[in-house]
Amino acid sequence: EKMNSTMSEEPDALSVVNQLRDLAADPLNRRAIVQDQGCLPGLILFLDHPNPPVVHSALLALRYLAECRANREKMKSELGMMLSLQNVIQKTTTPGETKLLASEVYDILQSSNMSDMDNVNEMNYRRRKAQFFLGSTNKRAKTVVLHIDGLDDSSRRNLCEEALLKIKGVISFTFQMAVQRCVVRIRSDLKAEALATAIASTKVMKAQQVVKSESGEEMLVPFQDAPVEVEQNTDLPEYLPEDESPTKEQDKAVSRVGSHPEGAASWLSTAANFLSRSFYW
């Protein structure tokens, strides 16, 4: 009987975790989600879910939540959080992208209360450890910054998410709605053009790559018309993690775009309700 109830709840689990992921994408909701009684424990339980898309979606939600520095300590000390992340990284059946995403979240939380120097050492140690667990499948991840024409509301953002999630090799993405950008982490053997093709397939958006010139100026490089420049994109320097990039100020701007804190709050209680029903019987 237990078996049946689990099976009937599977699509529910995915839709709930996707809703949480979409809410977490909005910086204005990140504190509320982590303060909520049911959501964090629920996301941790989702990390053990048998359905791989549920696990990946839960990790994306956690990745968004961890972007808010004020959330990190609570997330790190939440019962089962670090252990479940380790389990995802070490499980042989976990897909490569999901392992990389889990180790990214683990790194951010693990280094949340360290000084910068400890931080760097710890990150390098963790990365080596993660590579050990990931074995030869872990080619290094790289970051691609896209400027997306037409990315101007949450329904467009959802279209964009769906397109990116279909690509094998995409690890995580973060939207900066105020400046129409998407920061995408991909496996280093995936060509950035694949992202542009996927976004173009939405028919309502078009992507260009944001690159830095030697003088530090940002430039937009169109994908379609510049095959030669695109070839070189694989050698671009790694971008800094989001926290160190010059987008901190934009967070305030981002949070004003299409945010409905009241709606989010009522949705959170529905989600928490669902989570307590599904996990605690």
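Reading the values: rules and limits
- Residues numbered from 1 in each chain as written.
- Predicted model: local features only at pLDDT ≥ 70, side-chain atom pairs only at ≥ 80, totals over all residues.
- Heavy atoms only, no water.
- UniProt positions renumbered as here; feature names shortened; annotations may be inferred.
- Helix = DSSP H or I, 4+ residues; strand = E, 2+ residues; numbered from the N terminus.
- Buried < 20%, exposed > 50% of the residue type's maximum accessible area, 1.4 Å probe, protein only.
- Polar contact = N/O pair within 3.5 Å; in protein donor to acceptor, adjacent residues only side chain to side chain.
- Pairing = 2+ DSSP bridges.
- Axes fitted to C-alpha atoms, helices over the stretch in contact; angles between N-to-C directions.
- Contact = heavy atoms within 4.5 Å.
- Salt bridge = Lys/Arg side-chain N within 4 Å of Asp/Glu carboxyl O.
- Parallel < 35°, antiparallel > 145°, perpendicular 65-115°, else oblique.
- Left-handed = near helix turned anticlockwise from the far one by under 90°.
- Nonpolar A, V, L, I, M, F, W, Y, C, P; charged D, E, K, R; others polar.

- The protein is annotated in an unreviewed UniProt entry as Armadillo repeat-containing protein 1 from Steatornis caripensis.
- The protein has a UniProt comment under Function (unreviewed entry) that states "In association with mitochondrial contact site and cristae organizing system (MICOS) complex components and mitochondrial outer membrane sorting assembly machinery (SAM) complex components may regulate mitochondrial dynamics playing a role in determining mitochondrial length, distribution and motility."
- In its Subunit (unreviewed entry) section, the UniProt record describing the protein reads: "Interacts with mitochondrial contact site and cristae organizing system (MICOS) complex components IMMT/MIC60 and MICOS10/MIC10. Interacts with mitochondrial outer membrane sorting assembly machinery (SAM) complex components SAMM50 and MTX1."

**What about the environment of Thr 174?**
So, step 1. Position of Thr 174 relative to the elements: it lies in strand β2 (residues 170–176).
So, step 2. We classify Thr 174 as buried; its relative accessible area is 3%.
So, step 3. Sequence spacing of Thr 174 and Arg 185 is 11 residues, and the spatial spacing of their C-alpha atoms is 8.8 Å.
So, step 4. Of note is the side chain of Thr 174, whose polar atom sits 3.2 Å from the side chain of Glu 67.

**So, the sheet that holds β2**
Remark on secondary structure: sheet strands pair via backbone hydrogen bonds, oriented parallel or antiparallel.
So, step 1. The strand order across the open sheet built from five strands is β2-β3-β1-β4-β5, with neighbouring strands paired in antiparallel fashion. Pairing within the sheet leaves two strands with one partner each, and these edge strands are β2 and β5 (218–222). Adjacent strand axes in the sheet meet at a mean angle of 35° when their direction is disregarded.
So, step 2. When β2 meets strand β3 (residues 181–187), the two strands line up antiparallel, connected through six bridges. Paired with Thr 174 across the strands is Val 183, a residue of β3.
So, step 3. Sitting on the sheet, helix α7 (residues 96–110) is in contact with β2 and β3, with an inclination near 55° to β2.

**Let's talk about the pattern of salt bridges**
So, step 1. For the coordinates displayed, the defined rule picks out 11 salt bridges.
So, step 2. Residues Arg 21 and Asp 22 are paired through a salt bridge, measuring 3.3 Å at the closest nitrogen-oxygen approach.
So, step 3. Two residues, Arg 63 and Glu 67, come together in a salt bridge whose shortest N-O distance is 3.6 Å.
So, step 4. When its relative accessible area of 6% is taken as the criterion, Arg 63 is described as buried.
So, step 5. One connected set of salt bridges, linked through shared partners, spans Arg 30, Arg 63, Glu 67, Glu 104 and Arg 185.

**Considerations on the packing of helix α3 (residues 39–46) against helix α4 (residues 52–66)**
So, step 1. Where α3 contacts α4, the two axes come as close as 8 Å, and the packing angle between them is 140°. When the axis of α3 is compared with that of α4, the two are oblique. Of the two possible hands of crossing, α3 and α4 adopt the one that is left-handed. Note on element contacts: α4 touches α3 through Val 54, Val 55, Ala 58, Ala 61, Leu 62 and Leu 65, opposite Leu 40, Leu 43 and Phe 46.
So, step 2. Looking at the contact of α3 with α4 residue by residue, the classes come out as nine nonpolar, no polar and no charged.

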